[in-house]
Amino acid sequence: MKPKHWYLLSLVGKDRPGIVARLSAGLCKNGCNLGDSSMARLGDNFVIMIAVQFEGSQETLSNIVSPLAGSMDLKQSLMEIEEGTHDIEPDVRINIYSDERMGIIEDVTSMLTASGLNILSLESNLDTNQPNNTYSIHIEGTVSGGITPIYEVLDRLSDEKNIQSQLIPINSQVI
């Protein structure tokens with residue numbers, strides 16, 4: 001039996017119904033095992049990042065993916081990654097709300113990282129239907145120095161940058 005390798009497949013293209021179904025069916029029919037994934041609509045585009053386990057080479061997998069991606073007009077990127085998946089459960093979920101302005105993600109993420117937050121996922125949305133174009137950021141992460149420094153940063157962001165936030169501990173062991 002040939003060893004199986006893990007690859008990270010990224011695809012981006014105009015959103016349309018059926019992308020996920022066609023991609024997953026095409027990969028599975030060609031001997032691919034699908035692992036962790038993140039898929040989202042960004043504007044009019046659909047973005048897919050998925051871990052794929054495959055016993056063949058990266059070139060062989062690329063030859064499988066190319067016609068699938070091409071038939072849906074998706075741009076692709078493929079790279080080999082470490083074996084398996086390493087699940088890390090988040091300790092906290094943070095919701096941030098602010099008027100839209102240049103630099104908000106940098107302000108929030110740099111201060112939270114300095115306080116001991118390891119960001120596992122971040123989603124942001126700009127709602128142009130709200131007054132002042134409300135920007136929302138949803139973060140999940142792990143904390144290394146306890147939860148108190150995270151609360152302190154969120155208070156500073158509120159005072160200094162007029163950013164509203166909500167911190168939800170989702171790991172009861174984090175203090």
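Data block above holds the structure.
Residues numbered from 1 in each chain as written. Predicted model: local features only at pLDDT ≥ 70, side-chain atom pairs only at ≥ 80, totals over all residues. Heavy atoms only, no water.

Caption draft 1: Geometry of the packing of helix α1 (residues 19–29) against helix α2 (residues 58–71). Following both chains from N to C, one finds α1 and α2 inclined at 155 degrees, their axes separated by 10 Å at the closest point. Taken as axis vectors, α1 and α2 run roughly antiparallel relative to one another. You can see that α1 and α2 cross each other, and the crossing is right-handed. On α2, the residues touching R22, L23, G26 and L27 of α1 are L61, V65, L68 and S71. Here the contact of α1 with α2 is built from residues that sort into five nonpolar, two polar and one charged. (Axes fitted to C-alpha atoms, helices over the stretch in contact; angles between N-to-C directions. Helix = DSSP H or I, 4+ residues; strand = E, 2+ residues; numbered from the N terminus. Parallel < 35°, antiparallel > 145°, perpendicular 65-115°, else oblique. Left-handed = near helix turned anticlockwise from the far one by under 90°. Contact = heavy atoms within 4.5 Å. Nonpolar A, V, L, I, M, F, W, Y, C, P; charged D, E, K, R; others polar.)

Caption draft 2: Local environment of the sheet that holds strand β3 (residues 45–54). What the four strands build is an open sheet, ordered β2-β3-β1-β4; its pairing is antiparallel. One side of each edge strand has no neighbouring strand; the edge strands of this open sheet are β2 (33–42) and β4 (75–81). Averaged over all neighbouring strand pairs, the angle between strand axes comes to 15 degrees, with direction disregarded. As paired elements, strand β1 (residues 5–14) and β4 share seven bridges and run antiparallel to each other. What sits directly across from S10, in β4, is S77. Those strands touched by α1 are β1, β2 and β3, and its axis lies near 15 degrees from that of β3. Strands in contact with α2 are β1, β3 and β4; relative to β4, the strand with the most contacts, it is inclined by about 155 degrees. (Pairing = 2+ DSSP bridges.)

Caption draft 3: Looking closely at the pattern of salt bridges. Tallying each qualifying case throughout the model produces seven salt bridges. The partner of R93 in a salt bridge is E140, with the nearest N and O atoms 2.8 Å apart. Linking R93 in strand β5 (residues 92–99) with E140 in strand β7 (residues 134–143), this pair joins segments that are 47 residues apart in sequence. Residue class for R93 comes out partly exposed when judged on its relative accessible area of 31%. One salt bridge connects D107 with R101, and the closest N-O pair in it is separated by 2.6 Å. Each of K14, D15, R41 and D44 takes part in a single network of salt bridges with overlapping partners. (Salt bridge = Lys/Arg side-chain N within 4 Å of Asp/Glu carboxyl O. Buried < 20%, exposed > 50% of the residue type's maximum accessible area, 1.4 Å probe, protein only.)

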